[in-house]
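Coordinate analysis (summary)
For reference, the chains in residue letters:
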Amino acid sequence: MSEQKNANQSQQELGDQLKIRREKLAALQAEGKDPFRQTRYQWNATSQQIKDNYDELEGKSVKVAGRLMSKRGMGKVSFCDLQDRDGRIQLFVKIDEVGEETMAAFKKYDIGDIVGVEGEVFRTKMGEISVRAKSIVLLSKSLLPLPEKFHGLQDKELRFRQRYVDLMVNPDVKRNFVIRSRFIKYMRNYLDNMGYIEVETPVLNTIAGGASARPFITHHNTLDIDMFMRIATELPLKRLIVGGMDRVYEIGRIFRNEGMDPKHNPEFTTVELYQAYADFHDMMDIAEGIISGAAKEILGTYEIEWMGEKIDLTPGWRRLTMVDAVKEYVGIDFSAITDDAEAVAAAKAIGVELADAAEKTWGNALYACFDQRVEEKLIQPTFITMYPVEVSPLTKRSPVDPRLTERFELFVCHSELANAYSELNDPIDQRQRFEKQVEQRERGDDETEMMDEDFLTALEYGMAPTGGMGMGIDRCVMMLTGQDTIREVILFPTMKPLD
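Parameters and conventions
Residues numbered from 1 in each chain as written. Predicted model: local features only at pLDDT ≥ 70, side-chain atom pairs only at ≥ 80, totals over all residues. Heavy atoms only, no water. Patch = residues over 30% accessible without salt bridge, like charges linked within 9 Å, V, L, I, M, F, W, Y side chains within 5 Å. Areas by Shrake-Rupley, 256 points an atom, 1.4 Å probe, with all protein chains shown as cover. Salt bridge = Lys/Arg side-chain N within 4 Å of Asp/Glu carboxyl O. Lys, Arg positive; Asp, Glu negative; His and termini not counted. Charge placed at Lys NZ, Arg CZ, Asp CG, Glu CD. Helix = DSSP H or I, 4+ residues; strand = E, 2+ residues; numbered from the N terminus. Pairing = 2+ DSSP bridges. Phe/Tyr/Trp six-rings, centres within 6.5 Å; stacked < 30°, edge-to-face > 60°. Buried < 20%, exposed > 50% of the residue type's maximum accessible area, 1.4 Å probe, protein only. Lys NZ or Arg CZ within 6 Å of the ring centre and 35° of its normal.

What follows covers a negative patch on the surface. Together, Asp339, Asp340, Glu342, Glu359, Glu435, Glu439 and Glu442 make up a region of like negative charge exposed at the surface. At the level of secondary structure, the elements contributing two or more residues to the negative patch comprise α12 (340–349) and α14 (427–442). Looking at the negative patch, the element that brings in the most residues is α14, giving three residues. Along the polypeptide, Glu439 turns up in helix α14.

Here it is in structure tokens:
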């Protein structure tokens, strides 16, 4: 009963605050001082610029703008915190310096209101760098109160639904997205400096290809056809390689109609890149260069902590074949097994089960052992190479063992960050693999590749030996920011509607 009483009281208090704030707005409008009629405010300094350049700015006039986050003292002197794009700075407001009319108006301002302030830079007796206000302009009225100041916005569901409030009251949140922006910028510069061209490919396609995933389906009214939101950018980008654009990449949103968990969101961001006359070894070098270089430039170190583990991103990452990884971590030597039935039996002997739709083959048994017993043990950056052909329908076969392909996945802290191939450029082999994927789809696996006749036509014109890679930007940012859920690094993650 007491909890219900407190909840009712809180709702009543909130209702009173909403009423008071709207009454204040109405009064301002009646006086011809409607804050929503303000258009622009020419500020010339941010909180951090003032702090970084205090010696130069001390005693000089600056104009700052931002949101009021606190107010202390309501007599002839008031202190408050102004939050702008860079952080917070203290304002010192004194009636003798702003005048009675401005002070009276300022006293009615609420936490959350957006103001423009012109004043003098100084340091208080307590040593805090501040702005001594000379004039204050109300630029926008906050009609909703911010979350309770000492606890902020803590409810994760509410934080993700109301990211705008999350950014206001939880300063560390913005850091994640600044790092995200810097990581993407670093990646672009890295690839641009290697001679890559950034391109754009369709989001809507008549075939969902380039990955094993369930697509979102939409309908094009004019053409009266169903279309798929892209699950990868691979096949259009490889068409560009065929056309002679030897180095291309695309940073873009991908859509997959699959489950949601700490590592998966239905829409996410990847970079896919393709380089003619290269192979998967070149892609390993690029993946390592981008991630380790970004960590050093953005964080100033190769050593980070993620999901409770200390990770060392110093270049020189381990490269391990899948066969060797399974032998090392599980104890089964698939290189000594040649028979499909023997391979499946070896997997079952350690409790590994193959998916119902999967063929009972050596390659599927190897992959199942890795997926279910090894991946979870990979903490430090590790390239797992030479994947079975059954799970790599777009990858060139190994010239040493045709059961395997020249493919790698990069794992850090048992999370996949990148996937790369020596791209399959044999149109006859590619058609056969598509046909196997179609057979699996007909058996009920709706995450397999569809037949793409136009892509096969492109390959028949001839595609140079090519290395290609896809890298998950969201997961890389999770690692660089130390976050354990993808929703912390996507500004507006997918959420179930409240109703």
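Further remarks concern the sheet that holds strand β8 (residues 217–220). On the basis of which strands lie adjacent, the open sheet formed by three strands has the order β7-β9-β8 and antiparallel pairing. A strand with exactly one partner marks an edge of an open sheet, and here the two such strands are β7 (204–205) and β8. Of the pairings in the sheet, the one linking β8 to strand β9 (residues 225–229) comprises four bridges and is antiparallel in character. Bridge assignment links His219 to a residue of β9, and that residue is Asp226.

What follows deals with a nonpolar patch on the surface. Taken together, the side chains of Leu167, Leu491 and Phe492 make up a nonpolar region of the molecular surface, amounting to roughly 260 Å² of accessible area. Counting through the fold element by element, Leu167 comes out in helix α7 (residues 163–169).

Once that is clear, we can look at the environment of Gln432. The residue Gln432 is located in helix α14 in this model. In this structure, the C-alpha to C-alpha distance between Gln432 and Pro393, residues 39 residues apart in sequence, is 9.3 Å.

In this section: the packing of aromatic side chains. The full count for this structure, using the stated rule, is twelve aromatic pairs. Ring centres of Phe106 and Tyr109 lie 5.7 Å apart, and the angle between their planes is 75°; on these two criteria the pair is classed as edge-to-face. With a relative accessible area of 1%, Phe106 lands in the buried category. Each ring, one from Phe370 and one from Tyr387, has its centre 6.3 Å from the other, and the planes form 70°; the classification is edge-to-face. On the criterion of sequence distance, the pair formed by Phe370 in helix α13 (residues 362–374) and Tyr387 in strand β15 (residues 382–388) is long-range, its members being 17 residues apart. Stacked on the ring of Phe122, the Lys or Arg Arg132 has its end atom at 4.1 Å from the ring centre.

Moving on, we come to the pattern of salt bridges. Taken as a whole, this structure holds 30 salt bridges when the rule is applied. Glu267 serves as the salt-bridge partner of Arg253, at 3.2 Å between the closest nitrogen and oxygen. Placement of Arg253 in strand β10 (residues 247–255) and of Glu267 in strand β11 (residues 267–276) is noted, with a sequence separation of 14 residues between them. Residue class for Arg253 comes out partly exposed when judged on its relative accessible area of 26%. Across the pair Glu409 and Arg407 runs a salt bridge, and its minimum N-O distance is 3.3 Å. By relative accessible area, Glu409 is classed as buried at 6%.

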